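What the coordinates show
The chain contents come next:
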Amino acid sequence: MNFHTRKWVKPEDLNPNGTLFGGSLLRWIDEEAAIYAICQLDNQRVVTKFMSEINFVSSARQGDIIELGMTATHFGRTSITLRCEVRNKITRKSILTVEKMVFVNLDENGEPMPHGRTQIRFADEAFKRYREGDSRAMPQGAAGADDEGGGLRGEVESLH
Ligand SMILES: CC(C)(COP(=O)(O)OP(=O)(O)OC[C@H]1O[C@@H](n2cnc3c(N)ncnc32)[C@H](O)[C@@H]1OP(=O)(O)O)[C@@H](O)C(=O)NCCC(=O)NCCS
């Protein structure tokens, strides 16, 4: 799992208890997961279909830096299933997990469309396809695709 996105918990993100508001976190997760699915499936028309139980493991406080991690756990015919974890960037203490988030790949009429993907697409692959002139390969996909296969590059990114 790669943790691409970091968030700085600010006053407007807090609940009356003074900890991170769950609704803010879920909004960030849904967007991060959608970006991940878009990059993996090479299609901007993806929608959230299903989210499993959400486990708020521990709370985050104002000033904390948290990071959002995603990985694809299953490629269906028209869907992709993701697992999500949010953790404190410094302590790495888990804040939240979502075991299953399903996104569906849609055609221009909003109907489920086969995506043809069977495994995680890495950033280098997306960039190579873009350079080779594949019009389906999105340049922004290169930044968002999973970097797990990038070896040292992935390691370096996680230190930032
Ligand atoms: C997404 C949508 C078009 C799918 O329609 P549908 O009639 O359920 O389509 P299908 O039955 O063909 O299922 C599509 C895929 O979703 C999967 N799916 C459907 N219901 C599911 C569920 N409850 N849990 C997990 N996966 C599910 C199917 O298994 C299928 O995946 P596969 O092709 O990889 O096997 C429709 O449900 C919809 O528009 N939902 C609203 C989406 C939305 O507005 N989301 C919030 C904003 S992004």
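Residues numbered from 1 in each chain as written. Predicted model: local features only at pLDDT ≥ 70, side-chain atom pairs only at ≥ 80, totals over all residues.

The protein chain carries the name Acyl-CoA thioesterase in an unreviewed UniProt entry, which gives Paraburkholderia polaris as its organism. Looking at the protein chain in UniProt, the text filed under Sequence similarities (unreviewed entry) is "Belongs to the acyl coenzyme A hydrolase family." (UniProt positions renumbered as here; feature names shortened; annotations may be inferred.)

All right, on to the overall build of the protein chain then. Scanning the protein chain from terminus to terminus reveals four helices and six strands. Overall, the protein chain shows an N-to-C arrangement of helices and strands of β-α-β-β-β-β-β-α-α-α. Every one of the 160 residues in the protein chain was classed for burial, and the buried ones make up 27%. Partitioning the intrachain contacts of the protein chain with sequence separation of at least 6 by distance along the chain shows that 65% fall at a separation of at least 24. (Helix = DSSP H or I, 4+ residues; strand = E, 2+ residues; numbered from the N terminus. Buried ≥ 20, exposed ≤ 12 C-beta atoms within 10 Å, placed from the backbone. Contact = placed C-beta atoms within 7 Å.)

Turning our attention to the site of the ligand. Taken together, Val 47, Thr 48, Lys 49, Phe 50, Gly 76, Arg 77, Thr 78, Ser 79, Val 102, Val 104 and Pro 112 make up the full set of residues adjacent to the ligand. When residues of the shell around the ligand are traced back to their parent elements, those giving at least two are β2 (46–51) and β6 (94–105). In terms of residue count, β2 provides more of the shell around the ligand than any other element does, four residues in total. Tallied by class, the residues present in the shell around the ligand amount to five nonpolar, four polar and two charged. (Near = placed C-beta within 6 Å. Nonpolar A, V, L, I, M, F, W, Y, C, P; charged D, E, K, R; others polar.)

On to unusual backbone geometry, then. Here Asp 42, not a glycine, exhibits a phi torsion of approximately 60 degrees, which is positive. On the secondary structure map, Asp 42 appears in the loop between α1 (22–41) and β2. Overall, Asp 42 belongs to the partly exposed group, with 19 C-beta atoms counted inside 10 Å. Backbone geometry places Arg 92, a non-glycine residue, at a positive phi of 65 degrees. Among the secondary structure elements, Arg 92 is positioned in the loop between β5 (79–88) and β6.

Ile 29, Ala 33, Ala 37, Leu 82, Cys 84, Val 86 and Phe 103 are the most contacted members of the largest nonpolar core, which totals 28 residues. Taken together, the elements giving at least two residues each to this core come down to α1, β4 (65–75), β5, β6 and α2 (123–131). When residues of this core are assigned to their parent elements, the largest contribution, eight residues, is made by α1. If we skip the residues at most four places from it in the chain, Val 86 touches Leu 25, Ile 29, Ile 66, Leu 68, Ile 95 and Leu 96. (Core = buried A, V, L, I, M, F, W, Y, C linked by C-beta atoms within 7 Å.)

Counted at 1.5 Å a residue, the expected span for α1 with its 20 residues is 28 Å, and the 28 Å between its end C-alpha atoms agrees. Among the residues of α1, Leu 25, Ile 29, Glu 32, Ala 33, Tyr 36, Ala 37, Ile 38, Cys 39, Gln 40 and Leu 41 are the ones counted as buried. Of the residues one or two after α1, Asp 42 is the one with positive phi, at around 60 degrees. (Expected span 1.5 Å × (residues − 1).)

On the secondary structure map, Ala 34 appears in helix α1. With 17 C-beta atoms packed within 10 Å, Ala 34 lands in the partly exposed category.

The two faces of a sheet get side chains in turn, since along a regular strand they alternate between them. Relative to β5, β4 is paired through nine bridges, and the arrangement is antiparallel. Counterpart to His 74 in the pairing with β5 is Thr 81. In sequence, β4 turns back onto β5 through a hairpin of three residues. Of the strand pairs in this sheet, β5 and β6 are connected by eight bridges, and their pairing is antiparallel. Among the inter-strand pairings, Leu 82 is bridged to a residue of β6, identified as Met 101. Here β5 folds back onto β6 in antiparallel fashion, the turn holding five residues, of which Arg 92 has a positive phi close to 65 degrees. (Pairing = 2+ DSSP bridges.)

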